[in-house]
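Examination of the molecular architecture
Single-letter residue listing:
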Amino acid sequence: MAVLVGASVGPAGSAAAAGSYGYLKPGGQPRLVEKVPVNVVFVGYEPDQVAKSAFLGELASGYEPVVRSRLWYGVTEKLGISYKYDYKLTYADKRYEDKFFKQLGKLAKPAALTTFQQAYNDQKNNILDVAGNHEIDAPSVEKWLAYNAPSGVDTRRNTVFFINWYGRSDFKHHVYTKTGEPDPDTGYDFGVQRASRKIIAWGGTTANDEETGLGSTRRIWFHDLSAGPESWTSNYDVDNRDLDGDGVEDYRMPPTWEYATGGYRAPSALAGDLGKITRYVALNLLFTTSPLYPVELPTPEPPRTLNIDDNTYEGWAGVNASEQYTTPQLLKAELSELRWRNRFSYDSQDLPYDAKAEQCYLGQVVTAEPCYPETDFPASANLYLYNRENLDRALDDQGKVDYEIPLFNYAVGEGIPTPGLGYADDNYVDGTQSYVFSFISPEIVEAGYGLTTTQIHEVGHHLGMSHPHDGYDSATGVDYGPGNEFYFVNAGDENNSMMSYIDVNWDFSQFDRDNSDRFLTAAYWEAANRLAATVPAGKGKLQLKVADKLLGGASKAFAAHDYRAAYALADKAYGTVAAIPGVDKAGVAATFKAEADAARGSSKVHQPHEFIDTLAPDSPRSQP
């Protein structure tokens, strides 16, 4: 936001430039500050196991979100948001622990060992063998914790529960499950069918989630190292510290009992490890994240109406993939819950998988041959270039809606590779989002996936949402994903978010909603600032004061953690400025375009698609 629009300052003689405001800053950035409460509750961990000083030593004091896609081009674009963390640590007393673990025991149902518990037993260096297993419904545990927190812990605010059942006389080996939400196009229930979806953490469910809603807004995530071992973070493997053979340890948190003399990790490392999970997973990837793409979308003005423009290249002989493997109602409904102030519409069409379309597809996916060799773009840009060239035939609602989200699906036959499930591409210029690509084939369907859930996920990216397993740490300026020293952040997928790879739910989490509303508050505030700088001298004095008052309300709501109200007030402030006669909307749009054109001449093309949602054999998503 700030870096790319900082030049959008209006004439010195404008009414806004002549005025004095507490919140409106013509041509400038928002000033949004939130003191973020962070509750950390240790249940079954005692202070001598998890020392407060060692735990807090891993944490950052605050966070400033950036647009992550801009980082690909060497640009750090801050949003004008500053978080200051307010940590509160609680060690549950024996009475509370007895009550909680009694509840876990009631919920625990005997089950066979998972594939990965058996794999742990087969390790050479494991401390013990898992004898017997139990499955526990994760949403039931989340709901119990949400309404039965220790005294003084407000679960309406961001709360992490670190659970350790091991060492008690009533301990049962266990995993958590999330079932009952199959893929809408294939009917495949990953939570039931896959051992890799037996988990050790969960949270983020919204009040009105259709399957497991909490009834009122709560913000909790629990993490239990006495569960499992599991596939998702590969903590069943205690023989190999370097899983991919690149010479760097793939840092993982083992089961609780492996923090022992002769175990995978020394007991003294436990506090720091839980601190790492808090910072690099709970805070950076769930509670207070950075957007992947700019949430304001590439339009001259913030859009009110959004059209999901769904286009399918039907290259799977004998199959109408757009009819058989899409559920438009679910796609529209889930996106509407995330961007609740936008009005969504939907339309679809099939596109010819002709010779040029096939050449570009195979060139990107199979042969690595550019289908536009006259350009400087690599083969990884083939689909982007082809669809940019043919965009007019796809986008057919121009003038009817404010913005069309371009979805392109490729349906291909058996044996033809796909890049993965999908990806949300950028414009190869400055990190602005461009098109959404999704893929379907017999192999993908056999793996359990249709198109709809991929589309929800990828449009989520297009609207700014990041994965809960990769993100940005503002204290160090590091953008990271699940590998090497950050391998453990795969744990972030174990939450009720459509942006996860866990595939057991198709909803945006409470954390997703909170972050989206925060980002949009900043976007509308900045849009109001840009337009305010163009108000002609002598015009709009009353409206500018009203806008300033609305932004003051947004600032106060933001600080009070009422993100929906903050977003709505910032939106109204923008609308108030935009209604002033003489504001130069066209000039602001032209400046915006000029900045993008300037970036085109100085940016290097990134390689290739950092966030392809892969089904590679070694990815957690592909495990049995």
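Above this note sits the structure.
This one's a predicted model, so the numbers in the text were calculated from it and none came from an experiment.

Running from N to C, helix α17 (residues 510-532) and helix α19 (residues 563-578) cross one another at 20°; their axes reach a closest spacing of 8 Å. With respect to α19, the axis of α17 lies roughly parallel. By crossing handedness, the relation of α17 to α19 is classed as left-handed. Where α17 abuts α19, its residues D514, D517, R518, L520, T521, Y524, W525, A527, A528, L531 and A532 lie against Y563, R564, A566, Y567, A570, D571, A573, Y574, V577 and A578.

Turning our eyes to something else, we now look at the packing of helix α12 (residues 355-367) against helix α13 (residues 382-389). Across the interface, α12 lies against α13 with an axial gap of 8 Å and an inter-helix angle of 155°. Relative to α13, α12 is oriented roughly antiparallel. Together, K356, A357, C360, Y361, G363 and Q364 of α12 and N382, L383 and Y386 of α13 make up the contact between the two elements. Classifying every residue of the contact of α12 with α13 gives 5 nonpolar, 3 polar and 1 charged.

A few words on the nonpolar core. The biggest cluster of nonpolar side chains holds 175 residues, and the ones touching the most others in it are F100, L145, Y176, L274 and Y410. Not counting chain neighbours up to four residues away, the residues in contact with F100 comprise V43, V141, W144, L145 and I163.

Turning next to the side chain of T233. Secondary-structure assignment places T233 in the loop between β9 (220-224) and α9 (270-287). For T233, the side chain forms a polar contact with the side chain of E230, separated by 2.8 Å. The residues touching T233, leaving out its near neighbours within four places in the chain, are R252, Y487, F488, N490 and A491.

Moving on: the sheet that holds strand β7 (residues 175-177). Whenever strands of a sheet pair, they do so through backbone hydrogen bonds, lying parallel or antiparallel. Ordered by their spatial adjacency, 3 strands build an open sheet running β4-β5-β7, and the pairing between neighbours is mixed. If you trace the sheet from one side to the other, it starts and ends with β4 (109-111) and β7, each paired once. Neighbouring strand axes in the sheet, compared pairwise and without regard to direction, differ in orientation by 45° on average. Where strand β5 (residues 133-137) meets β7, 3 bridges bridge the pair, whose relative direction is parallel. Bridged to I136 within β7 is Y176. Against the sheet, helix α5 (residues 94-107) touches β4, β5 and β7, its axis set at about 105° to β5. In this fold helix α7 (residues 138-147) packs onto β5 and β7, with an angle of close to 60° to the strand it touches most, β5.

Along strand β6 (residues 159-163), 5 of the 5 residues are buried, which leaves the element largely enclosed by surrounding structure. Covered by surrounding structure in β6 are T159, F161 and I163 together with V160 and F162, the residues of both alternating faces. By the bridge criterion, 5 bridges tie strand β1 (residues 32-43) to β6 in an arrangement that is parallel. Each residue of the ladder has a partner; that of V41, found in β6, is F161. Bridge analysis of β6 against β9 gives 5 bridges, and the strand direction is parallel. Note on β9: the bridge partner recorded for F162 is H223.

The subject of this paragraph is the pairing of β5. Relative to β5, β4 is paired through 3 bridges, and the arrangement is antiparallel. Each bridged residue has a counterpart across the sheet, and for P110 the counterpart in β5 is H134.

Below, the discussion takes up unusual backbone geometry. For the bond from G228 to P229, the omega torsion is 0°, close enough to zero to count as cis. The residue P229 is located in the loop between β9 and α9 in this model. The phi dihedral of L297 falls on the positive side, at around 70°, and the residue is not glycine. Mapped onto the fold, L297 is located in the loop between α9 and β10 (305-315). With a phi close to 50°, N484 is a non-glycine residue in the positive phi region. Tracing the backbone through its elements, the reader meets N484 in the loop between β16 (478-480) and α17. Here N484 falls in the partly exposed class, since its relative accessible area comes to 22%.

Okay, the sheet that holds strand β2 (residues 62-63) next. Sheet architecture is open: 6 strands sit in the order β2-β3-β1-β6-β9-β8, paired in mixed fashion. The open sheet has two edge strands, β2 and β8 (201-203), and neither has a second partner. Packing of α5 onto the sheet brings it into contact with β1 and β6, and relative to β1 it is tilted by some 80°. Sitting on the sheet, α9 touches β1, β2, β3 (81-91), β6 and β9, and the angle it makes with β6 is about 145°.

With that out of the way, let us pick up the pattern of salt bridges. Considering all chains together, one arrives at 22 salt bridges under this definition. The partner of D514 in a salt bridge is R219, and the shortest N-O contact between them spans 2.5 Å. Residue D514 is located in helix α17, and its partner R219 is located in the loop between β8 and β9; the two are separated by 295 residues in the primary sequence. When sorted by exposure, D514 lands in the same class as R219, which is buried. The closest approach of N and O atoms between E249 and R265, which form a salt bridge, is 3.8 Å. Of this pair, E249 sits in the loop between β9 and α9 while R265 is found in the loop between β9 and α9, placing the two residues 16 residues apart along the sequence. Accessibility expressed as a relative area gives 30% for E249, which makes it partly exposed. The network of salt bridges with shared partners includes K94, D98, R168 and D170.

What counts and what doesn't
- Residues numbered from 1 in each chain as written.
- Predicted model: local features only at pLDDT ≥ 70, side-chain atom pairs only at ≥ 80, totals over all residues.
- Heavy atoms only, no water.
- Axes fitted to C-alpha atoms, helices over the stretch in contact; angles between N-to-C directions.
- Helix = DSSP H or I, 4+ residues; strand = E, 2+ residues; numbered from the N terminus.
- Parallel < 35°, antiparallel > 145°, perpendicular 65-115°, else oblique.
- Left-handed = near helix turned anticlockwise from the far one by under 90°.
- Contact = heavy atoms within 4.5 Å.
- Nonpolar A, V, L, I, M, F, W, Y, C, P; charged D, E, K, R; others polar.
- Core = buried A, V, L, I, M, F, W, Y, C linked by side-chain atoms within 4.5 Å.
- Buried < 20%, exposed > 50% of the residue type's maximum accessible area, 1.4 Å probe, protein only.
- Polar contact = N/O pair within 3.5 Å; in protein donor to acceptor, adjacent residues only side chain to side chain.
- Pairing = 2+ DSSP bridges.
- Salt bridge = Lys/Arg side-chain N within 4 Å of Asp/Glu carboxyl O.

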